[in-house]
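# Inside the fold
Residues per chain are reported as follows:
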Amino acid sequence: LLSGVEAGPNDLAIVQQAMLMLSLGFGFYISVFPFYAWGPMLADETGPLLLTFVMLAFPFFGLVLGLDFIDRYSWLRNSLTLYPALKAIGGITFLTGSLWAVFERNTNRFIAYIIAATTGFSMLLLSMGHNKETVNLFLYAQICTVLVIMTLATSIALMQGKTGNNNWVEWKGLGRRFPFLSSAAIVSVLSLCGIPLMAHFPVRNMLLANLVVFEPVWWMVLIASTTLLISAFRWLAIFFSSERLPAGIESETSTEK
C-alpha cells in the first residue's frame, strides 16, 4: 500500500487504506487504547522486572519505528489527520491508563497500567509536530520514563519478595520498616505526575504549554496527572500508617538502600 501511495499520491482510496493499516499495526505494536489489555494479563503471570522490560521495550521501539516512517514518507508527514489522531489516541491512552491504575490494588497490574499511560503521553509529545525539538523532547522523556519506572519496579519487586504479597493495600506500615524502598516507589509515581522539581516536570510543562487550554486533550492530561497524584498519596497513606507489619519480615539491607 505504501508503494502504491508513492506511485500515485493523489489516489485518496489508497492513502486511506494505507493510513488505516498503519494505524492498526502500530496500535497493536505500541499497545494503545484499547490494545494494552495484554499488559495487565501478563502482570498476573510474571514478576515486576520482566513485565517492565517487556512493556517498555515494545512501545519504545514501535514509536521509534513510527518516527522513521514519518520521516521517510512525505505524504504521511504532511498529512492533516496524522497529528490530530496521535493527539486524540495518546490522550485517551494516557487518561484511561491512569484511571485504571488509581483503582488497581495489584502492584504488578499497577505497573502495567502506568506504562500504558506513559505510552499515551509519548504519543502526545509526538503530536506536537515533526521537528528536531519534538524528537529531542521525546527522547528526554523516554530516558526519564525508563529510569523512573525501573526504579518503581525494582522497589516493588524487593518489597514483594520481603512481604510475599503483591497487594499494596495490605502493606500498611511498610514505610516504617522499608523507608528507602517505599519512598522510592512514591517518588517515582510523583515524578510521573509531573510534580515540580521531578524528572517529568519539564516535559509535562512544555506539553501543556503547547496544548490549547480549551482543547479536550488538555483536560485529559490534567485529569490523568491528578489521578496519578491521588495514587501517590494513597500509597503514602498506606505505607506510613500507624499499623505495624507482622514480625519476622526482614528490614532493608544496605545494598537495597
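Here the structure is shown first, and the text comes after it.
Note that the structure is predicted; figures quoted are calculated from it, not measured.

### Describing the layout of surface pockets
Computed from the structure, the largest pocket encloses a volume of approximately 470 Å³. In this structure, the largest pocket is lined by 24 residues; those nearest its centre are Leu-22, Ser-23, Phe-26, Leu-82 and Leu-86. It is helix H2 (residues 12–30) that contributes the most residues to the lining of the largest pocket, seven residues altogether. Residue composition of the lining of the largest pocket, grouped by class: 19 nonpolar, five polar and no charged.

### Here we look at the side chain of Ser-31
Mapped onto the elements, Ser-31 comes out in the loop between H2 and helix H3 (38–43). A polar side-chain atom of Ser-31 sits 2.7 Å from a polar atom in the side chain of Trp-38. Leave out the neighbours within four places in its chain, and Ser-31 touches Phe-26, Tyr-36 and Trp-38.

### As for unusual backbone geometry
Put simply, Phe-33 and Pro-34 share a cis peptide bond, and its omega is 0°. The topology assignment puts Pro-34 in the loop between H2 and H3. With a phi close to 60°, Ser-31 is a non-glycine residue in the positive phi region. Given the relative accessible area of 4%, Ser-31 is considered buried. Of note, Leu-197 is a non-glycine position whose phi angle comes to about 75°, a positive value. Counting through the fold element by element, Leu-197 comes out in the loop between helix H10 (179–193) and helix H11 (201–210).

### Here we look at empty space enclosed by the protein
Per the stated rule, a full pass over the model turns up three cavities of 30 Å³ or more. Put simply, the largest cavity is a space of about 80 Å³. Secondary-structure elements contributing two or more residues to the lining of the largest cavity are helix H7 (107–126) and helix H8 (132–163). With five residues, the top contributor of residues to the lining of the largest cavity is H7. Class assignment for the residues of the lining of the largest cavity results in seven nonpolar, five polar and one charged.

Reading the values: rules and limits
- Residues numbered from 1 in each chain as written.
- Predicted model: local features only at pLDDT ≥ 70, side-chain atom pairs only at ≥ 80, totals over all residues.
- Heavy atoms only, no water.
- 1 Å grid on protein atoms, 1.4 Å probe; cavity = no way out; pocket = protein on both sides within 12 Å on 5 of 7 lines; lining within 4 Å.
- Points joined across faces, edges and corners; volume = space filled by probe spheres on them.
- Helix = DSSP H or I, 4+ residues; strand = E, 2+ residues; numbered from the N terminus.
- Nonpolar A, V, L, I, M, F, W, Y, C, P; charged D, E, K, R; others polar.
- Polar contact = N/O pair within 3.5 Å; in protein donor to acceptor, adjacent residues only side chain to side chain.
- Contact = heavy atoms within 4.5 Å.
- Buried < 20%, exposed > 50% of the residue type's maximum accessible area, 1.4 Å probe, protein only.

Just distances and angles here, no functional claims.
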